[in-house]
Amino acid sequence: MQPVKIKENIYWVGAIDWDVRNFHGYLTQRGTTYNAYLIIDEKITLIDTVKPQFYDEMIKRISRLINPEKIDYIISNHVEMDHSGGLPKLMEIAKNVTIITSHKGQQGLKNHYKKDWNFKTVKSGDTLNLGKRNINFVLTPMVHWPDNMVCYLAEDKILFSNDAFGQHLASSERFDDKLPIQIVLEEAKKYYGNIVLPYGNQVAKALETVSGLDIETIAPSHGAIWRLHISEIIECYKKWSTNKTEDVAVIVYDTMWNSTEKIAYAVQSAFEAKGITTKMRNLKTNHISDVITDVVTAKYICVGSSTLNNNMLPTVAAFLTYLKGLAPKNRVGLAFGSYGWGGQSIDQVEDVLESCGFDLLDQIKIQFIPDNNTLQEITNKLKGEIP
Ligand code: FEO
């Protein structure tokens, strides 16, 4: 329960959630952290708190540095309870705190906790003097809630970015240069796909706003603190937020008697023949939140389902509902599947892909079991269609 020094008089005082494996539907196989940061200046300032059940862990870390009663400001960058959940208990002991937040943040905190705390609202461009340091605020609405903001400590060149640039990754290491970077980047991509993907335009705008800042450290609210790979993660966010894709086909399916699976592999052969990387994602063995990591950069989204009771399979319906909500853009879609008599699933899948705004390849709909000739025909025809 030690605080971790980031720069002189600036500390990580958050909590490590080694056990969480499901974050409202997002599979967090590597756990997560809730990052809170303490700045010790003439005004003692805490940036964000932690999930309610991790309050004790946070307060122990803070107490090793200062008496928590002496906190002057709490900057609430985001209302969601993994960052504001420690506030109610903390406000009981830190009686003189002013909560610094956006207008929407104030509304959200009041709606969550029904308390008439001492608030000061800020807007983009506002500065708060802490003594030797100044902290600047940039509102980043819908990255990923209306209340979101980030703040920048000019003297120490630290961007406190809240959910942006975060990763669900529990570790006793706090910095990107102390962790395998491929894992950190993969978790950052998964985080982007599952949390931030619908808000690409807002992310692009926020990136533009912070692009003029001299940043030495990005301190997000989950996972590793970026101090070595800053340009890489910013480049990733630029790419992801503008829906720049790669020549990759994600082939997502579920299958009853393996006929739809056979079609999935015939589809794969067509993409392979065109030199396009493929990722086979059977929904019986892959979680939808992991498939979304692939979707972040894949140009082709191919979705297959058998027909069951006049419908697509429930696993496929769940994936498509999730996909549509996350709203990736500029993709090419393909619906495919085997059926016995009704065959409704393929049209249903195609309807959703169309409603996502994807360009569509011709759907593939095969009755019962495709033989080798049929599979070869599928591959040959699709090969000719893939742009
Ligand atoms: Fe990590 Fe939107 O909360």
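Residues numbered from 1 in each chain as written. Predicted model: local features only at pLDDT ≥ 70, side-chain atom pairs only at ≥ 80, totals over all residues. Heavy atoms only, no water.

Details of the overall build of the protein chain
Looking only at helices and strands, one finds 12 helices and 24 strands in the protein chain. Viewed in the frame of its principal axes, the protein chain has a C-alpha envelope of about 75 × 40 × 35 Å. Looking at the protein chain residue by residue over its 387 residues, the buried ones come to 58%. Across the protein chain, contacts joining residues at least 24 apart in sequence account for 71% of those joining residues at least 6 apart. When the accessible area of the protein chain is evaluated, it comes to approximately 16100 Å², of which 49% is carbon and sulfur surface. (Helix = DSSP H or I, 4+ residues; strand = E, 2+ residues; numbered from the N terminus. Buried < 20%, exposed > 50% of the residue type's maximum accessible area, 1.4 Å probe, protein only. Contact = heavy atoms within 4.5 Å. Areas by Shrake-Rupley, 256 points an atom, 1.4 Å probe, with all protein chains shown as cover.)

Quick word on the domain arrangement of the protein chain
The domains assigned to the protein chain are domain 1 (4-241) and domain 2 (249-385). Contacts between the two partners involve 14 residues from domain 1, matched on the other side by 11 residues from domain 2. Surface buried jointly by domain 1 and domain 2 totals about 1200 Å² across both partners, of which 60% is contributed by carbon and sulfur atoms. Together, K189, N194 and L197 form the three largest contributors to the area buried by domain 1 at its contact with domain 2, with a combined 43%. (Domains from an automatic or database assignment. Buried area = accessible area lost by both parts, 1.4 Å probe.)

Brief notes about the nonpolar core
Ranked by internal contacts, the top residues of the largest apolar core, which has 87 residues, are L46, F165, Y237, F319, L320 and L323. For this core, the element with the most residues is helix 5 (residues 181-196), which contributes 7 residues. Of the domains in this structure, domain 1 (4-241) and domain 2 (249-385) are the two that each give at least three residues to this core. With residues near it in sequence (within four places) discarded, F319 still touches V252, L283, I288, V291, I292, V295 and V303. Within the second largest apolar cluster, 24 residues are counted, among which are I6, Y73, F137 and L153. (Core = buried A, V, L, I, M, F, W, Y, C linked by side-chain atoms within 4.5 Å.)

With respect to the sheet that holds strand 7 (residues 37-39)
Across the sheet, which stays open at both edges, the 7 strands sit in the order 1-2-7-8-9-10-11 with mixed pairing between neighbours. The sheet is open, and its two edges are formed by strand 1 (4-7) and strand 11 (119-121), each paired on a single side. Here the average twist between neighbouring strands, direction ignored, is 25°. As paired elements, strand 8 (residues 45-47) and strand 9 (residues 73-75) share 3 bridges and run parallel to each other. Residue pairing for strand 9: T45 is matched across the bridge by Y73. (Pairing = 2+ DSSP bridges. Axes fitted to C-alpha atoms, helices over the stretch in contact; angles between N-to-C directions.)

Some remarks on the packing of helix 8 (residues 259-273) against helix 12 (residues 372-385)
Between helix 8 and helix 12, the least distance of the axes is 8 Å, while the angle of their chain directions is 40°. In this view, helix 8 runs oblique relative to helix 12, as classed from their interaxial angle. For the pair helix 8 and helix 12, the sense of crossing is right-handed. Residue-level inspection shows K262, I263, A266, V267, S269, A270, F271 and A273 of helix 8 in contact with helix 12, the latter providing L375, I378, T379, L382 and K383. By residue class, the composition of the contact of helix 8 with helix 12 is 9 nonpolar, 2 polar and 2 charged. (Parallel < 35°, antiparallel > 145°, perpendicular 65-115°, else oblique. Left-handed = near helix turned anticlockwise from the far one by under 90°. Nonpolar A, V, L, I, M, F, W, Y, C, P; charged D, E, K, R; others polar.)

What to know about the packing of aromatic side chains
Counted by the stated rule, this structure contains 10 aromatic pairs. Ring plane angle 55° and centroid distance 5.2 Å describe the contact between Y37 and F160, whose orientation is recorded as tilted. Taken together, the positions of Y37 in strand 7 and F160 in strand 15 (residues 158-162) put the pair 123 residues apart, joining distant regions of the chain. Y37 sits in the buried class, given a relative accessible area of 2%. Its relative accessible area of 1% is what places F160 among the buried residues. A ring pair is formed by Y113 and W117, whose centres lie 5.8 Å apart and whose planes are at 35°; its orientation type is tilted. (Phe/Tyr/Trp six-rings, centres within 6.5 Å; stacked < 30°, edge-to-face > 60°.)

Overview of the packing of helix 10 (residues 314-326) against helix 11 (residues 344-355)
Each packed pair of helices is defined by two parameters, the angle between the axes and the distance between the axes. For the pair helix 10 and helix 11, the least separation of the axes is 10 Å and the interaxial angle reads 10°. Comparing the axis directions of helix 10 and helix 11 gives the class roughly parallel. Facing V316, L320, L323 and K324 of helix 10, the residues of helix 11 in contact are V349, V352, L353 and S355. For the contact of helix 10 with helix 11, the per-class residue count stands at 6 nonpolar, 1 polar and 1 charged.

Some points on the sheet that holds strand 15
The strand order across the open sheet formed by 5 strands is 12-13-14-15-16, and the pairing between neighbours is mixed. Bordering the open sheet on either side are strand 12 (127-129) and strand 16 (217-220), each of which pairs with just one other strand. Each adjacent strand pair in this sheet contributes to an overall mean axis angle of 20°, direction not counted.

As for the pattern of salt bridges
The full count for this structure, using the stated rule, is 19 salt bridges. Between R133 and D41 there is a salt bridge, with its nearest N and O atoms 2.9 Å apart. Taken together, the residues span a long stretch of sequence, with R133 in the loop between strand 12 and strand 13 (134-139) and D41 in the loop between strand 7 and strand 8 at a distance of 92 residues. Look at R133 and you get buried, because its relative accessible area is 9%. (Salt bridge = Lys/Arg side-chain N within 4 Å of Asp/Glu carboxyl O.)

Here's the deal with the environment of V332
Tracing the sequence through the fold places V332 in strand 22 (residues 332-339). Taking the C-alpha atoms as reference points, V332 and A249, separated by 83 residues in sequence, lie 9.2 Å from one another. Setting aside anything within four residues of it in sequence, one finds V332 in contact with K299, Y300, I301, F358, D359 and L361.

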